Amino acid sequence: MSKPIYPCIWFNNNAQEATDFYCILFKDATLLESNSILTRFAACGTSFMFLNGGPKYTTTPAISYFVYCEGEAEINRLYDALKAGGKILMPLDTYDWSPRYAWVEDQFGVNWQLDVETINSPQKIVPNLLFVNENKTRVKEAREKYLSVFKNSMALMDMAYPSEAGMPAGSLLFAQFKLNGFIMNAMSSTLQHDYDFSPANSFVVECETQEEIDFFWETLGKNGSYDMCGWLTDEFGVSWQIVPAILPQLMIDPVKGPRVMQAFLKMQKFDIQSLLDA
């Protein structure tokens with residue numbers, strides 16, 4: 001696996017509208033691909049895929065996106081734009097962990113955590129996994145599982161719960177880690193929530209070989225569940241897409257593309273040779 005992981009967000013047929021909004025919002029955004037099924041763009045060192053999937057899945061705050069801002073002017077600008085037509089979960093203010101921080105759900109239902117903090121990486125947008133309810137003690141367990149699955153990975157930061165929180169010893173409130181060069185955050189909440197992880201937020205793993213597809217399919221899906229077209233849900237409820245890196249190239253072929261689509265729509269785990277033979 002030579003390419004980094006990247007997030008995918010499921011939209012109710014307004015992926016292009018969302019892409020247009022974010023490409024204006026983030027100053028360095030670049031549109032990578034756009035068609036009736038999906039759009040892809042990059043901003044602040046992170047690539048995104050947006051799917052026009054319809055109403056089947058809905059995003060939840062269980063996955064949000066930290067934006068590490070350079071200063072007060074930038075966080076103010078992003079906050080004003082993202083809260084318009086959306087919902088404020090935590091207002092822009094000073095908190096114990098940050099001089100300026102906010103959590104908002106934008107007009108498209110995507111959750112953003114804005115923070116004025118220096119991050120020593122070109123990647124300024126970092127996905128965050130929120131472990132809630134029965135999973136609230138599993139941040140460290142999940143982090144260790146992911147570090148064991150992906151090469152070139154490392155733990156970057158841990159923050160344990162204080163003893164007065166009443167959590168089991170060693171439970172993590174927050175963790176930051178890097179998977180194959182891609183930074184992710186994870187945090188937990190002791191409150192009861194009416195949401196959890198949803199396939200509307202997933203993470204794409206592009207694989208060069210069938211051996212890689214087999215490995216990630218088996219290791220990430222173990223004790224979870226498998227769906228069609230390379231989708232799986234891991235044991236913590238997080239959704240992943242295990243896809244061949246060659247798939248976009250095959251799909252744009254005007255002759256072969258429709259046959260490739262018909263082939264993979266029948267698959268759970270992707271079979272590269274079957275796609276090549278389609």
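All of these numbers come straight from a predicted model, not from anything done at the bench. (Residues numbered from 1 in each chain as written. Predicted model: local features only at pLDDT ≥ 70, side-chain atom pairs only at ≥ 80, totals over all residues. Heavy atoms only, no water.)

Description of the layout of surface pockets
We apply this condition: Put simply, the grid is 1 Å and covers the protein atoms alone, a cavity is a trapped set of points that fit a 1.4 Å probe, a pocket is an open set with protein on both sides within 12 Å along at least five of seven lines, and lining residues have an atom within 4 Å of a point. Grid points are joined across faces, edges and corners, and a volume is the space filled by probe spheres set on the points. Strands are runs of DSSP state E lasting at least 2 residues, helices are runs of H or I lasting at least 4, and numbering of each runs from the N terminus. In this classification, Asp, Glu, Lys and Arg are treated as charged, Ala, Val, Leu, Ile, Met, Phe, Trp, Tyr, Cys and Pro as nonpolar, and every other residue, Gly included, as polar.
As a volume, the largest pocket reaches approximately 910 Å³. Lining the largest pocket are 36 residues; nearest its centre among them are I37, L38, L51, Q241 and F264. With four residues, strand β16 (residues 239–244) is the largest single contributor of residues to the lining of the largest pocket. Its residues assigned to classes, the lining of the largest pocket shows 24 nonpolar, seven polar and five charged. Around the second largest pocket, the lining comprises 27 residues; the ones closest to its centre are W97, Y101, Q113, L173 and M187. If one sorts the elements of the lining of the second largest pocket by residue count, strand β11 (residues 172–179) sits on top with three residues. Looking at the lining of the second largest pocket residue by residue, the class counts come to 19 nonpolar, six polar and two charged.

As for the sheet that holds β11
Rules: Pairing between strands requires that DSSP locate at least two bridges from one strand to the other. Axis lines are fitted to C-alpha atoms, over the contacting stretch for helices. Their N-to-C directions set the angle, which ranges from 0 to 180 degrees. Pairs of residues are marked as contacts when any of their non-hydrogen atoms sit within 4.5 Å.
Judged by pairing direction, the sheet is mixed, and its eight strands sit side by side in the order β6-β7-β8-β5-β9-β12-β11-β10 without closing on themselves. At either margin of the open sheet sits one strand with a lone partner, and together these are β6 (87–95) and β10 (154–160). Taken pair by pair, the neighbouring strands of this sheet meet at an average axis angle of 20°, ignoring direction. Seen against the sheet, helix α2 (residues 72–83) touches β5 (63–69), β6, β7 (98–105) and β8 (111–116) and runs at an angle of roughly 15° to β7. Each of β9 (125–131), β10, β11 and β12 (182–188) is contacted by helix α3 (residues 139–149), which is oriented at about 10° to β11, the strand it contacts most.

Observations concerning the nonpolar core
For clarity, the cut-off: Buried Ala, Val, Leu, Ile, Met, Phe, Trp, Tyr and Cys residues that are joined via side-chain atoms within 4.5 Å together make up what is termed a nonpolar core. Three labels apply to residues, based on accessible area from a 1.4 Å probe with only protein chains included: buried if under 20% of the type maximum, exposed if over 50%, partly exposed otherwise in between.
By size, the foremost hydrophobic cluster in this structure holds 91 residues, and its most contacted members are Y22, F26, W112, L129, Y146, W240 and I242. Broken down by element, the residue count for this core peaks at six residues, all from β5. When residues no more than four places from it in sequence are discounted, the contact partners of L129 are A62, I63, Y146, M184, N185, A186, M187, F197, F203 and V238.

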